[in-house]
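Now for the letters of each chain:
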Amino acid sequence: MSAEIDSWKVSLPCTRAEAEAIDAGTIEIDAVLMTTETVEDDVEHWRLDAYFENEPDAAMLAVLKALVPSAGDVEPEVEALTAQDWVTLSQEGLEPIREGRFVVHTSAHPVEAPEGGRAFLIDAGRAFGTGHHATTSGCLAMLDGMADRRFANIIDVGTGTGLLAFAGAHLWPEAKVMATDIDPAAVDVTRENAVANGIGGVDLVVADGALSDAITAKAPYDLVIANILAGPLVSMAPELAAIAAPNATIVLAGLLETQRPQVVEAFAACGCTLEAVDRRGDWTILRLAAGAARYVPVTPPDPKGRDGWALDI
């Protein structure tokens, strides 16, 4: 008897620019969208994989093709998956990664925690952040390098799988830790991963930006982590600076090296100073220090339409 079809996968080639637009989370399609770099540090060779519960029709295939104009006349690859296919494909090639005292692994590649360190089980799935992308692994390294510092109130904005929030909770067990994401599915994944890894005490919040009541109520934060994309980092700079305590540490990622100047400039305008840079291929991780006084944004709303930028907390 043949295995029962569990889901469908559609694949198309794309460019990095198209992948970044898709990963920005502004596209609403009833599917799980994943983008992958197929040739290291090559802006032209990426792949879009879309996973559906039901077989996609011609209209849905046309919608997917519209997301990746560079694919031109390429016909989408449509594949029926069994439940076992999904597990195999989602973990394929995801060998454990090691950064400082951390090792991150999937169910398919279990490992022991390093001496004095911590192993995190993070399976590939519905949210970004398995540790295998340079931005996430770079953030792990940046956090690991600050282990001798002391933080009491940590926030991970755009948490994805929760990995960076978990790393913060391990390094600073006495600190309060909050993990937020605009995508409710990502917060659900973080909750599941917290249970799988025995992580407790992390506050989970679904929020668009950093000025929701749940976030500002627990501000200021002395460690702010935001591994998202350059565009959102620039537009959210006043928000992230506003929830940061005086002299707080801010770790930013998800930006290309070519985008570093505009991100640094946006945060400098909010009183933040660049302290360290970790470049990994085309990607860059930044560590900044917030200003000596609390920043209160007074600029007009950004193009996404956020109000209430004047903040006094």
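Below, the structure is looked at part by part. (Residues numbered from 1 in each chain as written. Predicted model: local features only at pLDDT ≥ 70, side-chain atom pairs only at ≥ 80, totals over all residues. Heavy atoms only, no water.)

**Things to note about the environment of tyrosine 51**
The topology assignment puts tyrosine 51 in strand β3 (residues 46-52). Each C-alpha atom, one on tyrosine 51 and one on leucine 33, is 6.6 Å from the other, the two residues being 18 residues apart in sequence. (Helix = DSSP H or I, 4+ residues; strand = E, 2+ residues; numbered from the N terminus.)

**Things to note about unusual backbone geometry**
A cis geometry characterises the amide bond from alanine 219 onward to proline 220, with omega recorded as 5 degrees. If you trace the backbone, proline 220 turns up in the loop between α7 (213-216) and β11 (221-227). A positive phi angle is found at asparagine 247, which is not glycine, with a value near 65 degrees. Looking at the element boundaries, asparagine 247 is found in strand β12 (residues 244-256).

**Focus: the pairing of β11**
Along β11, seven of the seven residues are buried, which leaves the element largely enclosed by surrounding structure. Two strands pair when backbone bridges link them, and strand β8 (residues 153-157) and β11 are joined in this way by four bridges, in the parallel orientation. In the strand pairing of β11, valine 157 is matched with alanine 226. Relative to β12, β11 runs parallel, the two being bridged by six bridges. Counted as the bridge partner of tyrosine 221 is alanine 244 from β12. (Buried < 20%, exposed > 50% of the residue type's maximum accessible area, 1.4 Å probe, protein only. Pairing = 2+ DSSP bridges.)

**Comments concerning the side chain of asparagine 193**
Secondary-structure assignment places asparagine 193 in helix α6 (residues 184-196). If we ignore the near neighbours within four places in the chain, the residues touching asparagine 193 are Leu121, Ile122, Thr161 and Phe166. (Contact = heavy atoms within 4.5 Å.)

**Some remarks on the nonpolar core**
Core analysis: the largest hydrophobic core is formed by 33 residues, its most contacted members being Leu240, Ile250, Leu252 and Phe267. Contributions of two or more residues to this core are made by β8, β11, α8 (230-243), β12, α9 (260-268) and β14 (283-289). Tallying contributions element by element places α8 first for this core, with seven residues. Formed by 32 residues, the second largest nonpolar core is a distinct cluster that contains Phe102, Cys139, Ala169 and Val202. (Core = buried A, V, L, I, M, F, W, Y, C linked by side-chain atoms within 4.5 Å.)

**Thoughts on the packing of aromatic side chains**
Tallied over the full model, the rule gives three aromatic pairs. A centroid spacing of 4.9 Å and a plane angle of 85 degrees characterise the contact between phenylalanine 151 and tryptophan 172, whose relative ring orientation is edge-to-face. One end of the pair, phenylalanine 151, is in the loop between α4 (134-144) and β8; the other, tryptophan 172, is in the loop between α5 (163-171) and β9 (176-181), with 21 residues separating them in the sequence. Exposure remark for tryptophan 172: the relative accessible area of 3% places this residue in the buried category. Following the ring pairs from residue to residue traces out a cluster consisting of Phe102, Phe120 and Phe166. (Phe/Tyr/Trp six-rings, centres within 6.5 Å; stacked < 30°, edge-to-face > 60°.)

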